[in-house]
Amino acid sequence: MSDIIRRDPRAEWIIRNRLHPLHDQYANQEEGGEVRGPSGLLRKFPHKVGFIGPNGIKRIDRLKGNSSAPKGKRSSAAQEVQLPLHKVDSPEYYIMVVADLVGGRLTGHDKDILGLAHKLIAERGGNGAVVAVCFGEVKEEHFDTAGVDRLLHIDGEAFEGYSPEARVQALAQVEAQYPVKQWLFPDSIHGGCDLASRLAARLGERPATQAWQVNVEQTVSRGASASLDITRKTPKILMLLEECADAIDETRHEATPITLDGVSVTAPTIQDQGLMDVDPNAIPMAEAEFILSAGNGIHNWDQFHDAAKVLGATEGASRVAVDDGFMPRSRQVGATGTWVTARVYIAVGISGAIQHMQGIGQVDKVVAINTDAGCDMVKRAALSVIGDSEEILGELMKLTAEHKSTSVSDQAEEDSHAA
Ligand SMILES: Cc1cc2nc3c(=O)[nH]c(=O)nc-3n(C[C@H](O)[C@H](O)[C@H](O)COP(=O)(O)OP(=O)(O)OC[C@H]3O[C@@H](n4cnc5c(N)ncnc54)[C@H](O)[C@@H]3O)c2cc1C
């Protein structure tokens with residue numbers, strides 16, 4: 001076939017002439033909106049770029065079609081980024097990370113410790129694997145990218161809720177069954193500290209608490225209310241502070257399930273009576289799991305307090321809300337207020353100034369309620385509701401009340417069936 005480019009001046013003229021009746025038909029034949037101009041050069045046809053969205057507005061797809069992944073799936077560009085797989089065949093030893101798994105998901109603290117476990121294996125050498133030991137309900141879906149080589153999920157009624165005795169018995173069984181080099185726990189109020197102390201007593205080990213700089217040889221722990229550092233030989237059981245190491249972010253791991261044979265649990269002396277209702281505002285801000293935070297976009301303060309009560313959220317505020325006298329200074333979130341670590345942070349009428357953002361850096365999921373779709377808080381948020389704060393909080397309270405009443409009637413129905 002000849003290489004000579006055959007030009008069709010009429011077609012080119014129609015493509016250039018947007019008012020020609022055949023313009024669309026010819027323009028659409030041109031792949032990628034490119035056309036050979038009268039000088040023989042390839043020219044981009046700017047009007048071809050983009051498409052008309054469902055609301056009639058022209059949209060330009062800057063991802064060049066990569067955004068056309070099915071709904072609910074990540075775009076193909078994101079799917080293509082496959083982290084290298086770190087494989088461990090027939091491990092010689094294990095480092096056990098007993099995760100807090102607050103709400104069934106790995107916390108940032110758990111992930112830092114998984115990162116430390118890999119650092120210790122790299123220093124120690126040999127064929128070691130990191131095991132995440134999990135109790136109760138597990139909702140986490142990304143053990144692989146968090147650095148988990150093996151996953152030991154110890155499930156069953158005996159391990160639900162606050163069940164330290166059963167859990168320690170299971171961990172002692174793990175110690176007997178697997179070649180464990182080290183036990184790593186988060187030094188936290190979510191159970192890590194309690195369980196680690198009990199396991200240490202059971203195994204006759206002297207654990208390191210508040211550890212924050214660890215290598216195979218020595219451990220530096222915080223002591224005397226964090227006013228001094230204590231250096232000692234690295235023990236077998238460590239209770240670690242947050243940011244003791246970097247979380248894994250460059251490798252993918254197998255997260256292969258492993259099992260535990262024959263855990264015999266004796267009758268517990270501690271009985272978990274379930275959670276007690278507490279005043280959410282009595283929870284220290286830095287420890288609150290669910291915060292409803294108010295900014296300059298709140299105009300009905302009585303409604304804001306009612307909404308926090310209905311949702312069962314701890315109240316927070318931006319500095320403007322505090323400076324204007326609507327909220328106490330102790331509620332201020334941000335660089336000059338409290339740095340919070342909530343699982344969910346609802347920012348109502350808060351623009352997202354850098355000083356405020358510093359305070360919510362460790363929040364898991366941010367929900368923004370704001371009239372400005374372009375504000376920084378909306379950019380940071382996992383979910384945004386664009387609208388007036390008063391209207392949206394009103395609707396939210398209504399939905400919560402409806403949800404509560406249906407769950408109460410469902411429970412009553414279940415109880416009557418059971419009777
Ligand atoms: C040294 C220094 C330290 C600081 N430290 C802190 C700190 O620790 N914490 C902190 O928060 N700030 C701090 N600031 C202040 C910070 O810079 C911002 O001024 C402050 O965070 C802004 O608060 P805001 O978002 O509530 O108010 P604005 O910036 O006024 O934003 C109000 C937001 O509400 C939205 N809005 C308005 N009306 C409605 C409505 N009806 N419904 C819904 N949304 C609406 C607007 O679109 C806007 O996004 C500090 C500043 C300095 C200089």
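Calculation rules
Residues numbered from 1 in each chain as written. Predicted model: local features only at pLDDT ≥ 70, side-chain atom pairs only at ≥ 80, totals over all residues. Heavy atoms only, no water. Helix = DSSP H or I, 4+ residues; strand = E, 2+ residues; numbered from the N terminus. Expected span 1.5 Å × (residues − 1). Buried < 20%, exposed > 50% of the residue type's maximum accessible area, 1.4 Å probe, protein only. Arc of directions from axis to C-beta. Pairing = 2+ DSSP bridges. Axes fitted to C-alpha atoms, helices over the stretch in contact; angles between N-to-C directions. Contact = heavy atoms within 4.5 Å. Lys, Arg positive; Asp, Glu negative; His and termini not counted. Salt bridge = Lys/Arg side-chain N within 4 Å of Asp/Glu carboxyl O. Polar contact = N/O pair within 3.5 Å; in protein donor to acceptor, adjacent residues only side chain to side chain. Phe/Tyr/Trp six-rings, centres within 6.5 Å; stacked < 30°, edge-to-face > 60°. Lys NZ or Arg CZ within 6 Å of the ring centre and 35° of its normal.

Enquirer: Can you tell me about helix H7 (residues 192-203), naming the residues and giving the values?
Expert: Relative to the 16 Å expected for 12 residues at 1.5 Å per residue, H7 spans 16 Å between its end C-alpha atoms, a close match to the ideal helical length. Of all the positions in H7, only Gly192, Leu195, Ala196, Leu199 and Ala200 are classed as buried. Angular distribution of buried residues about the axis of H7 spans 135°; they occupy a single face of the element. Looking one or two places after H7, you find glycine 204, whose phi comes out positive at around 70°.

Enquirer: So what about the sheet that holds strand E10 (residues 208-214)? Which residues, and what values?
Expert: Pairing is mixed across the open sheet formed by nine strands, whose spatial order is E12-E11-E10-E13-E9-E6-E7-E8-E15. Strand pairing shows two members of the sheet lacking a second neighbour, strand E12 (228-233) and strand E15 (256-258), which therefore form its edges. Taken pair by pair, the neighbouring strands of this sheet meet at an average axis angle of 40°, ignoring direction. Across three bridges, the pairing between strand E8 (residues 150-154) and E15 is parallel. Pairing of leucine 152 across the sheet is with isoleucine 258, part of E15. In the packing of helix H4 (residues 108-124) onto the sheet, contacts are made with strand E6 (93-98), strand E7 (128-135), strand E9 (180-186), E10 and strand E13 (237-240), and the angle to E9 comes to roughly 155°. Contacts from H7 reach E6, E7, E9 and E13 within the one sheet, and its direction differs from that of E9 by about 150°.

Enquirer: Can you tell me about the environment of glycine 359, naming the residues and giving the values?
Expert: Mapped onto the elements of the fold, glycine 359 is located in helix H10 (residues 354-359). For the pair glycine 359 and alanine 286, spaced 73 residues apart in sequence, the C-alpha to C-alpha distance is 9.7 Å.

Enquirer: Quick one: what's the story with the side chain of arginine 167, residue by residue and with numbers?
Expert: Mapped onto the elements of the fold, arginine 167 is located in helix H6 (residues 164-177). Look at arginine 167: it is buried, it has no salt bridge, and the nearest opposite charge is glutamate 160 at 6.4 Å. A distance of 3.2 Å separates a polar atom in the side chain of arginine 167 from the backbone oxygen of glycine 161. Excluding residues that lie within four positions of it along the chain, arginine 167 makes contacts with Phe135, Phe159, Glu160, Gly161 and Leu195.

Enquirer: I'd like a rundown of the packing of aromatic side chains, residues and numbers included.
Expert: Tallied over the full model, the rule gives five aromatic pairs. Measuring from centroid to centroid gives 5.4 Å for tyrosine 94 and tyrosine 178, while their planes differ by 85°, and the two rings are edge-to-face. One end of the pair, tyrosine 94, is in strand E6; the other, tyrosine 178, is in the loop between H6 and E9, and 84 residues separate them in sequence. Ring geometry for tryptophan 301 against phenylalanine 326: centres 4.8 Å apart, planes inclined by 10°, an arrangement best described as stacked. Remark: phenylalanine 326 occurs in the loop between helix H9 (319-323) and strand E18 (344-348) and tryptophan 301 occurs in helix H8 (residues 301-311); sequence separation between them is 25 residues. Residue classification places tryptophan 301 among the buried residues on the basis of a relative accessible area of 11%. Each residue in the set Trp301, Phe304 and Phe326 is aromatic and connected to the rest through ring pairs, giving one cluster. Directly above the aromatic system of tyrosine 93 lies the positively charged group of lysine 181, at a separation of 5.6 Å from the ring centroid. If you follow arginine 222 out to its NZ or CZ, it ends over the ring of tryptophan 212, 4.1 Å from the centre.

Enquirer: Before we move on, can you summarise the sheet that holds strand E19 (residues 365-370) with the specific residues and values?
Expert: The five strands lie next to each other as E17-E16-E18-E19-E20, forming an open sheet whose pairing is parallel. One side of each edge strand has no neighbouring strand; the edge strands of this open sheet are strand E17 (314-317) and strand E20 (383-386). Strand-to-strand twist in this sheet, taken as the mean axis angle between neighbours without regard to direction, amounts to 20°. For strand E16 (residues 290-294) and E17, the ladder comprises four bridges, and the chain directions are parallel. Within E17, the position partnered with serine 293 by the bridge is glycine 316. Packed on one face of the sheet, H8 meets E16 and E17 and runs near 175° to E16.

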